[in-house]
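# What the coordinates show
The lines below spell out each chain.
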Amino acid sequence: SSSVLISPSILAADFVRLADEIAAVEQAGADLLHIDVMDGHFVPNLTIGPPVIESIKKVTKLPLDVHLMITNADTFIPEFVAAGANYITVHVEACPHLHRTIQSIKERGVKAGVTLNPATPVSVLQEILADVDLVLVMSVNPGFGGQKFIPSVLKKIVAIREMLDRLQSRALLEVDGGVKPDNAAQIIAAGATVLVAGSAIFASRDYAGTIAALRTAGQP
Ligand code: DX5
Ligand code: ZN
């Protein structure tokens with residue numbers, strides 16, 4: 001559908017030229033900017049934190065879609081809000097007091113998202129779905145860009161789409177990991193409304209062409 005949004009993951013950008021890379025995807029039609037925050041505990045990798053996000057905020061008008069892969073999200077939410085996050089998404093596997101965490105994000109005026117690892121069943125969403133602005137379905141095990149899409153995740157997207165529709169929820173349904181122009185049609189057909197793409201966009205020569213190909217995948 002034409003309402004699909006594209007959120008380039010800067011993890012695959014050239015960090016030395018980060019401002020230029022962000023301007024390039026903004027110019028190329030990106031709708032959001034996906035920022036992967038990793039802590040070396042929840043996931044076996046380290047990336048960036050609030051100071052870099054604060055700097056990014058100054059060079060783009062794109063809404064910042066901040067994906068926290070950290071064990072102590074509650075401690076850092078005020079800092080990510082202050083840095084300019086528009087969406088903050090937390091992992092259900094890392095948040096023992098998920099309702100409190102979601103409320104803490106929302107009461108600061110920021111959109112709140114929840115995300116599930118590939119092996120986490122959709123049933124964990126039952127009691128929180130009505131409270132969230134976004135659901136992020138991981139289609140790789142988080143920690144690294146450039147991994148292969150796990151096809152069994154498609155049926156989770158379908159199931160979450162049904163749960164959201166039943167609630168008449170307008171929450172975004174975002175998919176992250178291994179998203180490419182050649183699998184985007186299936187992901188959109190399953191019910192996704194936001195596609196994250198890192199390597200597919202930043203390793204391509206034509207950012208605008210790749211973003212358009214992702215957005216219109218499966219359209220006649
Ligand atoms: C993985 C990150 C993803 C990653 C996507 O832990 O959450 O956002 O950057 O990269 P690609 O699109 O290359 O799989
Ligand atoms: Zn991500």
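Structure: see above.
A brief structural summary. It should be emphasised that the depicted structure is a prediction, and the values quoted were computed from it without experimental measurement. (Residues numbered from 1 in each chain as written. Chains lettered and ligands numbered in written order. Predicted model: local features only at pLDDT ≥ 70, side-chain atom pairs only at ≥ 80, totals over all residues. Heavy atoms only, no water.)

## Comments concerning the site of ligand 1
Around ligand 1, 20 residues are found, and the nearest of them are Asp36, Gly143, Asp176, Gly198 and Ser199. One of the side-chain N or O atoms of Ser9 is found 2.9 Å from an oxygen atom in ligand 1. Measuring from an oxygen atom of ligand 1, one finds a side-chain N or O atom of His34 at 3.4 Å. When the free accessible area of ligand 1 is taken as 380 Å², the share hidden by the protein chains comes to 100%. Elements supplying a minimum of two residues to the shell around ligand 1: β2 (33–38), β3 (64–69) and β8 (194–197). Of all the elements, β2 adds the most residues to the shell around ligand 1, at 3 residues. Looking at the shell around ligand 1 residue by residue, the classes come out as 8 nonpolar, 10 polar and 2 charged. (Near = heavy atom within 4 Å. Polar contact = N/O pair within 3.5 Å; in protein donor to acceptor, adjacent residues only side chain to side chain. Areas by Shrake-Rupley, 256 points an atom, 1.4 Å probe, with all protein chains shown as cover. Helix = DSSP H or I, 4+ residues; strand = E, 2+ residues; numbered from the N terminus. Nonpolar A, V, L, I, M, F, W, Y, C, P; charged D, E, K, R; others polar.)

## Some details on the coordination of the zinc ion (ligand 2)
Donor atoms from the polypeptide that bind the zinc ion (ligand 2) are His34 (NE2), Asp36 (OD), His67 (ND1) and Asp176 (OD), placed at 2.0 to 2.3 Å. All donors of the zinc ion (ligand 2) belong to a single chain; written as a sequence motif, their spacing is H-x1-D-x30-H-x108-D. Residue Asp36 is found in strand β2, and its partner His67 is found in strand β3; the two are separated by 31 residues along the sequence. When its relative accessible area of 7% is taken as the criterion, Asp36 is described as buried. (Donors = N, O, S within 2.8 Å, 3.2 Å for Na, K, Ca; no water. Buried < 20%, exposed > 50% of the residue type's maximum accessible area, 1.4 Å probe, protein only.)

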